Structures are given as C-alpha cells and as structure tokens.
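Take a look at the letters that make up each chain.
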Amino acid sequence: MKPGIEWRAPRADAEAAQFAADLHAALARTPKAISPKYFYDEAGSRLFEQICELPEYYPTHTELALLQRHARDMAAQMGHRVQLVEYGAGALRKVRLLLGAMPRDSVQFVPVDISGPHLLGACDGLAADMPGLDIQPLVADFTRPHSLPPCPAGARRVGFFPGSSIGNFTPAEADAFLRLAAGELAGGGLLIGIDLVKEASVLHAAYNDTAGVTAAFNLNVLERARRELGAEFPDDGFEHLAFYNPAYRRIEMHLRATRPLSLQLDGQHYDFHEGETLHTEHSHKYTVAGFQAMAARAGFEPGTVWTDANGWFALLWLRS
Ligand code: AVI
C-alpha cells in the first residue's frame, strides 16, 4: 500500500535527537514532565496492545462492544456516500466494525497516522480482508495542519477518533484538534470515543493492573531513554504511580523516584529527591455534556450518543 502523499521516513538519528532535546527539557522543568508520545516505541506499542487486553482496562472492550452493537446506526448517521477519515489510525481494529456496516462502494477510507510502516502494513491487511475498498492512507501528524485527499464527488467527509485518545491531550491541545477537525469535516461530522467520569476505584484499577503491564508501559519511557540515548539511572530508582486527580478529572501517571537519585543524560545530572516524580501522562475523563460543550465551542453540534449500561465510555456523533 502506497501513502497518499510523498513521504520519506524520518531519520532515526533525527528522532533520537528530538527525544534527547525533549527529555532534557522535561527534566529541567519544575515539576518534571514529558509528553506521553514517547511511550510509543516498538516495546511501548506492544505493551499498550497488552493493556487493551487487560480485564481491568475497560475502555477498549467497552468501546468495541458499542461499535459491534451500534455500527449500523453510526454508519447511518454518517450518510450514504462518505470519505471516512480516521485520526491516529493505528492497527485499524475498531474501524473495521464501522466499515463493515457500510456498502463497500459508498466509502473512501483515509487513515491518518504518523507511523508510516505501521500504517501501511495495517492498510495491506485491511485491503486483503475488504477487497475493493478505496483506501487512501496519509502519513502525517494529524494534530498539525495536513492535506487530506479531495473528497470524492457527492460524498461527505466524516471523521473517526476512537479510544479516548483525545483524553491524553491537554485541554488546549484538545481544543486545537477539535477546531482543526471541525474545519476539515465541515458539512459532515465526527464520531469520537471518550472515557467518562466514574468511580475512582474503577479508574484506579484500570491504570494499576495487577499484572503490572501499565507499570511496565510507564517505566518504558526511561528504559527507552537508556536504550536509545544512553541515559543512566539506578535499575530500581523509579516506580509507577497512577492516580485520579478529581480537580482536573484526569488520571495522572508519573514515574516516582524511590530514593534520592541522579539521572545522567549526555553528561548532565538531573537530581530527584525521594518521592519526586516525572509526570508522563494525563488521561482526561469527561461528562457527555461537558465534552459536547467543548466541541460546540470548536464548531460542532451535538448528535447521537451511544454509551454502555455502566455509563463508563461513550461514542459521540458530532455534526460539523
Ligand atoms: C491511549 N490512551 C487513550 C490510553 C489512556 O487510557 O489514556 C493510554 C494509557 N495509559 C495507561 N493506560 C493506557
């Protein structure tokens, strides 16, 4: 499968230089904090796939069940002829359920993802399983301005952003993404998955699984720095910390120093006192009304909401 635009793989040394620069900045600021995008190297992506299979991690299986149950209804909201843009497409597991509910010749599918090899491999698999489907992959960072292929004549452009990935954005980033999407999906709409506010104990279990997979996923950021950048720190120097912060309605993940220690990177020493953390991720939880209000400020009108019996997760149709 060829990408829809001219694309060259970024050089590995340029990526490592960016990681090093961002890690230096992360360790120099107070409080220490790094972007969650650094979770997702090969090892981290594999660990995230394992998280999605955990019984405690309800978002994936709840959203899949909603898609299985309501895909026809969701596809009907989208319209008869569509260009379906999936943001941050990844493995294409969820979108298959939606595509399966649409007549094959009525849809052009445009998966957008920053990881070229991963995206193109997933598209090859999809093309084999759904012969005749028009697939136009786009290798791009969907949070930045990008050029989508023109919408086929007579079709509406609609978006799909599952997984509550928007929850990992800061409120400013979420707002910027929704504005960008409202602009490029004008006349169509967006189907988006969001994780809902719920009892803290359920959230706590989902981000502190008994098998320790989420801990390994979190710790992988520093393991990656060790592998790729030669960072040095004691083996048992950091531990996984995840808790619900009700003031911000978000799970926060941190790496906490188990004792006073120093992390060395490119000859620089960054000191941690005992208990000091490197903030690695926040995962915002929303109410349906709160999210719809945020989307309205960005230019969307609220539409149908599909949610599970517990009210733990929701897929929202937003008209643009
Ligand atoms: C990708 N994202 C929506 C996940 C979440 O739940 O915020 C990432 C994750 N972090 C820990 N577990 C899963």
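Just so it is clear, the model here is predicted, and its values are computed rather than measured.

> Which parts of the structure should I look at to understand the side chain of glutamine 292?
Along the polypeptide, glutamine 292 turns up in helix H9 (residues 288-298). The buried category is assigned to glutamine 292, whose relative accessible area is 17%.

> For this particular structure, what's the right way to read the UniProt feature "domain: Histidine-specific methyltransferase SAM-dependent" (unreviewed entry) in the protein?
Here, the residues flagged by UniProt with the feature "domain: Histidine-specific methyltransferase SAM-dependent" (unreviewed entry) are residues 20-319. Note that residues 20-319 is 38% helix and 27% strand, and that its end C-alpha atoms are spaced 41 Å apart.

> Would you mind showing me how to read the site of the ligand here?
As a matter of local geometry, the ligand sits amid 14 residues, with Tyr57, Asn168, Tyr207, Glu281 and Ser283 nearest to it. In isolation the ligand exposes 340 Å². Once the protein is present, 96% of that is buried. Sorting the residues of the shell around the ligand by element identifies helix H2 (42-53), helix H8 (213-229) and strand S12 (277-284) as the ones contributing at least two each. Considered class by class, the residues forming the shell around the ligand number seven nonpolar, six polar and one charged.

> When you look at the packing of aromatic side chains in this model, what are you seeing that I'm missing?
Aromatic rings considered in pairs are described by the distance between their centres and by the relative angle of their planes. Summed over all chains, the structure comprises 19 aromatic pairs. Ring geometry for tyrosine 87 versus phenylalanine 161: centroids 6.3 Å apart, planes at 80°, classification edge-to-face. Linking tyrosine 87 in strand S2 (residues 82-87) with phenylalanine 161 in strand S6 (residues 156-161), this pair joins segments that are 74 residues apart in sequence. Given a relative accessible area of 0%, tyrosine 87 falls into the buried group. Centroid distance phenylalanine 142 to phenylalanine 177: 5.7 Å. Interplanar angle 85°. Geometry classified as edge-to-face. Here the residue phenylalanine 142 occupies a position in the loop between strand S5 (138-139) and S6, and phenylalanine 177 occupies one in helix H6 (residues 171-184), the gap between them amounting to 35 residues. Given the relative accessible area of 2%, phenylalanine 177 is considered buried.

> Teacher, can you tell me more about the sheet that holds S12 here?
Either a parallel or an antiparallel arrangement is found when strands of a sheet pair, and the pairing is made through backbone hydrogen bonds. Spatially, the four strands line up as an open sheet ordered S1-S12-S9-S8, and their pairing is mixed. Since the sheet does not close on itself, it has two edges, and those belong to strand S1 (32-33) and strand S8 (238-245), each with one partner. Pairing of strand S9 (residues 250-257) with S12, which is carried by seven bridges, proceeds in the antiparallel orientation. Paired with histidine 254 across the two strands is histidine 279, which belongs to S12. Along the sheet, helix H7 (residues 200-207) makes contact with S8, S9 and S12, crossing S8 at roughly 155°.

> It is not clear to me how the side chain of histidine 24 should be interpreted in this structure. Could you clarify?
On the secondary structure map, histidine 24 appears in helix H1 (residues 12-28). Exposure remark for histidine 24: the relative accessible area of 15% places this residue in the buried category. Residues contacting histidine 24, with those up to four places away along its chain left out, are Leu265, Asp266, Gln268 and Tyr270.

> Would you mind showing me how to read the confidence of the model for the protein here?
Detailed reading of predicted coordinates is not advised where the pLDDT is low. The pLDDT averaged across the protein works out to 95; a share of 97% of its residues lies at or above 70. Taken over the whole predicted complex, pTM reads 0.94, whereas the ipTM for its chain interfaces reads 0.99.

What counts and how
Residues numbered from 1 in each chain as written. Predicted model: local features only at pLDDT ≥ 70, side-chain atom pairs only at ≥ 80, totals over all residues. Heavy atoms only, no water. Helix = DSSP H or I, 4+ residues; strand = E, 2+ residues; numbered from the N terminus. Buried < 20%, exposed > 50% of the residue type's maximum accessible area, 1.4 Å probe, protein only. UniProt positions renumbered as here; feature names shortened; annotations may be inferred. Near = heavy atom within 4 Å. Areas by Shrake-Rupley, 256 points an atom, 1.4 Å probe, with all protein chains shown as cover. Nonpolar A, V, L, I, M, F, W, Y, C, P; charged D, E, K, R; others polar. Phe/Tyr/Trp six-rings, centres within 6.5 Å; stacked < 30°, edge-to-face > 60°. Pairing = 2+ DSSP bridges. Contact = heavy atoms within 4.5 Å. Axes fitted to C-alpha atoms, helices over the stretch in contact; angles between N-to-C directions. pLDDT = per-residue confidence, 0-100.

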